[in-house]
Amino acid sequence: MLETPLHAHAQALHAYSHAAAPIRTARGAEYEVIARITHRLRDAARKGKRGYPELVAALSDNRRLWTTLAADVGQAGNGLPDDLRARIFYLAEFTEKHSRLVLRGKARVTPLLEINVAILRGLGSRPHP
């Protein structure tokens, strides 16, 4: 049986009208990852001593995030301006050192939260899905 053009058109509309997931930009994906980690850090810190295991996990993920960002800005093909690349690399180093202090109870998580929130503001300044 041959399909009529109208039937084929209806099938195409049906197939493409129900996307399983919206298409995200890299910027949008970065925003989501940083926001999720920031929320976890904040929630764990608010719990105090009983939230320490969650804080350890969130700090680990935050350190991994910043290590990834540092590696990315260190690539020769990275399109960000040199000054911004240098600042991101510095923030990654700061995050690593400060996280160790937080884990030892010698510093608060607040500066790490402030850094992440500033990055989220920058990422959110342009539209992202």
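Residues numbered from 1 in each chain as written. Predicted model: local features only at pLDDT ≥ 70, side-chain atom pairs only at ≥ 80, totals over all residues. Heavy atoms only, no water.

Q: Explain the overall build of the protein chain to me, using residue names and the numbers behind them.
A: In terms of regular secondary structure, the protein chain is built from five helices and zero strands. Moving toward the C terminus, one meets the helices and strands of the protein chain in the order α-α-α-α-α. Counting every position in the protein chain, which comprises 129 residues, the buried fraction comes to 26%. Taking as baseline every contact in the protein chain between residues at least 6 positions apart, the subset at least 24 positions apart corresponds to 60%. For the protein chain, the exposed area adds up to about 9100 Å²; of that, 60% sits on carbon and sulfur atoms. (Helix = DSSP H or I, 4+ residues; strand = E, 2+ residues; numbered from the N terminus. Buried < 20%, exposed > 50% of the residue type's maximum accessible area, 1.4 Å probe, protein only. Contact = heavy atoms within 4.5 Å. Areas by Shrake-Rupley, 256 points an atom, 1.4 Å probe, with all protein chains shown as cover.)

Q: Go over the pattern of salt bridges, please, and point to the residues and values.
A: All chains considered together, the criterion is met by seven salt bridges. One salt bridge connects Arg87 with Asp83, and the closest N-O pair in it is separated by 3.0 Å. Placement of the pair is Arg87 and Asp83 together in helix 4 (residues 82-103), with a separation of four residues, close to one helical turn. For Arg87, a relative accessible area of 47% puts it in the partly exposed group. (Salt bridge = Lys/Arg side-chain N within 4 Å of Asp/Glu carboxyl O.)

Q: Explain the side chain of Asn116 to me, and be specific about the residues and the numbers.
A: With respect to the helices and strands, the residue Asn116 is situated in helix 5 (residues 110-124). Residue Asn116 is classed as buried on the basis of its relative accessible area, which comes to 1%. Apart from residues lying up to four places away in sequence, Asn116 is in contact with Ile34, Ile37, Thr38, Leu41, Asn62 and Trp66.

Q: Any details on helix 5? Residues and values, ideally.
A: Compared with the 21 Å implied by 1.5 Å per residue over 15 residues, the 21 Å span of helix 5 between its first and last C-alpha is a close match. Listed in full, the buried residues belonging to helix 5 are Leu112, Leu113, Ile115, Asn116, Leu120 and Leu123. When helix 5 is viewed along its axis, its buried side chains cluster within an angular range of 160° and face the same direction. Of the residues in helix 5, the exposed ones pointing more than 90 degrees away from the buried face are Glu114 and Arg121. Where helix 5 is buried, its residues contact helix 2 (26-46), helix 3 (52-73) and helix 4. (Expected span 1.5 Å × (residues − 1). Arc of directions from axis to C-beta.)

Q: Tell me about the environment of Arg40, and please be specific about residues and values.
A: For Arg40, the location among the structural elements is in helix 2. Linking Arg40 and Glu54, residues 14 residues apart in sequence, is a C-alpha distance of 7.7 Å. Sequence-distant contacts of Arg40, that is, excluding residues within four places in its chain, are made with Ala57, Ala58 and Asp61.

Q: Tell me about the nonpolar core, and please be specific about residues and values.
A: In terms of nonpolar packing, the biggest core is built from 23 residues, with Leu41, Leu55, Leu59, Leu65, Trp66, Val102 and Val109 touching the most fellow members. Where this core is concerned, the elements lending two or more residues are helix 2, helix 3, helix 4 and helix 5. Of the residues forming this core, the biggest block, eight residues, is contributed by helix 3. Among all residues touching Val102, those that are not within four sequence positions of it are Leu55, Leu59, Ala107, Arg108, Val109 and Leu112. (Core = buried A, V, L, I, M, F, W, Y, C linked by side-chain atoms within 4.5 Å.)

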